[in-house]
Amino acid sequence: MFIFKKRKKISSDLLNQKNILKSLLYSMKEGVLITDLSGNIREMNLTFMNIFNLDPHTDYYNRPVSMVLQIPEIENIIATILAEKSGLIEEDLRLIDRKYLNIKASQFVTDENQMIGVLLVVNDVSRMKELEGMRRTFAANISHELRTPLTSIQGYVETILDGKVSDEKIQKKFLQVVYNQTTRLRSIIDDLMSLSKIENMSESGDLEMISGDIEEVVKAAILQCEEKAKQKKINISLMIIEKKKVKMNIRLLEQAVYNLLDNAIKFSKEESAVDVGVNILANELMVTVADHGSGILKKHHQRIFERFYMVDKARSRELGGSGLGLSIVKHIAQIHRGRVDVKSELDSGSEFIIYLPLG
Ligand code: ADP
């Protein structure tokens, strides 16, 4: 009786252990594959199947890895481990479907250290690689955008210092260019700092969100642009059709509306009009900034919200743009769980709309 009981306990422990190991393998976020000494599949978890687009309902047990995966690089890794030419191999691999994988292969051994197969641990690092690429492009863009005005400043200052310009009027003209370029440098740096501040605040959750009045926000943004509008004799009108209080970060939302207004003024001719509207549509509050300016071709509509994207680089730089204004607007809208959209046609003006969810 006693022996029987003990036996039952041992077998249920074993069963438990086996289940725990299986669950552990299946809940891992790394792909795991175990082969035998002939390179046939003995164990494989769901993550591994997902990474290599294998059908989870097919039984791959005992099939050669080379036939199932058909990836020569992985075949080589397994063959090298099986031939005991190496105990551990780590390799980064790029598949044809643009997946980036980090592969670690080692001998699969018993507790007596005897090799019984190969253990393959695979991490899908595609997202990390994509972010790395984005960071690299961003850094290259920043360097390029900062270098252009700096080169120009250096050139003009050198000419003046060399004493090559004796005419006071021309000297003043050169200094004006230097001044404009430093203003542009400042605006790029201010926008970059804004972007990183917004990102940091939204990541750390340090963002103060209060129930605020959108009319106040829009009026404050218009007031900030008044001088620029006046210089181009542009009239800014405000039409509040319907409004409701929304949860917002007042300062950020004011900056978003300001950026849209600043663009509307920048890309409009003198004596033009800019119309700002507030309305409610379905479950969203809409803030619209419409101009009658140069307009934007449809093919650029999505790209203008990317960092540093400018439709006409030379013209935007001349107008003191950084190419960051709209990406800041997009970011601010997203922080508010909202979005930003554009409707525009070349030469017929543009309408930018910030949508904020109600409730
Ligand atoms: P920028 O600092 O160049 O204004 P933005 O990110 O604010 O950068 O805008 C990106 C680009 O989108 C601009 O360079 C311009 O080509 C286009 N754009 C933005 N707003 C308008 C507008 N109201 N009218 C015409 N083009 C616009």
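Worth saying up front: this structure is predicted, and the values here are computed from it rather than measured.

Each value, and the rule that gives it
Residues numbered from 1 in each chain as written. Predicted model: local features only at pLDDT ≥ 70, side-chain atom pairs only at ≥ 80, totals over all residues. Heavy atoms only, no water. Pairing = 2+ DSSP bridges. Helix = DSSP H or I, 4+ residues; strand = E, 2+ residues; numbered from the N terminus. Axes fitted to C-alpha atoms, helices over the stretch in contact; angles between N-to-C directions. Domains from an automatic or database assignment. Salt bridge = Lys/Arg side-chain N within 4 Å of Asp/Glu carboxyl O. Buried < 20%, exposed > 50% of the residue type's maximum accessible area, 1.4 Å probe, protein only. Near = heavy atom within 4 Å. Polar contact = N/O pair within 3.5 Å; in protein donor to acceptor, adjacent residues only side chain to side chain. Areas by Shrake-Rupley, 256 points an atom, 1.4 Å probe, with all protein chains shown as cover. Nonpolar A, V, L, I, M, F, W, Y, C, P; charged D, E, K, R; others polar. Core = buried A, V, L, I, M, F, W, Y, C linked by side-chain atoms within 4.5 Å. Contact = heavy atoms within 4.5 Å.

1. A few points about the sheet that holds strand 7 (residues 235-240)
Here comes step 1: Across the sheet, 5 strands lie side by side as 7-9-10-12-11; this open sheet has mixed pairing. Every other strand in the sheet has two partners, leaving strand 7 and strand 11 (339-344) as the edge strands with one partner each. The sheet shows a mean angle of 15° between the axes of neighbouring strands, direction not considered.
Here comes step 2: In the sheet, strand 11 pairs with strand 12 (residues 350-357) via 6 bridges, with the strands oriented antiparallel. Its bridge partner lying in strand 12, Ser-344 is registered against Ser-350.

2. With respect to the domain arrangement of the protein
Here comes step 1: Entries for the protein in the domain assignment read domain 1 (2-124), domain 2 (126-206) and domain 3 (208-359).
Here comes step 2: For domain 1 versus domain 3, the separation of C-alpha centres amounts to 54 Å.

3. Here we look at the pattern of salt bridges
Here comes step 1: The full count for this structure, using the stated rule, is 17 salt bridges.
Here comes step 2: Here Arg-317 and Glu-145 are joined by a salt bridge, their closest N and O atoms 3.0 Å apart. Taken as a pair, Arg-317 in helix 9 (residues 313-318) and Glu-145 in helix 5 (residues 126-161) lie far apart in primary sequence, 172 residues in all.
Here comes step 3: Residues Lys-164 and Asp-162 are paired through a salt bridge, measuring 3.6 Å at the closest nitrogen-oxygen approach.
Here comes step 4: Residue classification places Lys-164 among the exposed positions, given a relative accessible area of 64%.
Here comes step 5: By relative accessible area, which is 52% here, Asp-162 ends up exposed.
Here comes step 6: Each of Glu-145, Arg-184, Lys-313 and Arg-317 takes part in salt bridges that share partners, so that together they form one network.

4. Regarding the site of the ligand
Here comes step 1: Among the 21 residues in the neighbourhood of the ligand, the closest are listed as Asn-263, Asp-291, Ser-316, Ser-322 and Leu-326.
Here comes step 2: Taking Ser-322, its main chain carries an N or O atom lying 2.8 Å from an oxygen atom of the ligand.
Here comes step 3: Here a nitrogen atom of the ligand sits 3.4 Å away from a polar atom, N or O, in the side chain of Ser-350.
Here comes step 4: Protein burial of the ligand: of its 530 Å² of free accessible surface, 97% is covered by the chains.
Here comes step 5: For the shell around the ligand, the secondary-structure elements that each account for two or more residues are helix 8 (250-266), helix 10 (325-335) and strand 12.
Here comes step 6: Broken down by element, the shell around the ligand gets its largest block of residues, 3 residues, from helix 8.
Here comes step 7: Of the residues contributing to the shell around the ligand, the split by class is 10 nonpolar, 9 polar and 2 charged.

5. Considerations on the nonpolar core
Here comes step 1: Counting residues in hydrophobic clusters, the biggest one holds 52 residues, and the most contacted among them are Ile-214, Ile-236, Leu-261, Leu-285, Ile-304, Phe-352 and Ile-354.
Here comes step 2: Element by element, the count of residues in this core is highest for helix 8, at 9 residues.
Here comes step 3: Looking at which domains feed residues into this core, each of domain 2 (126-206) and domain 3 (208-359) supplies at least three.
Here comes step 4: Apart from residues no more than four positions distant in its own chain, Ile-236 is found in contact with Ile-222, Cys-225, Ala-229, Leu-261, Ile-265, Val-274 and Val-276.
Here comes step 5: Ranked by size, the runner-up nonpolar core spans 26 residues in total, among them Ile-41, Met-44, Ile-51 and Ala-105.

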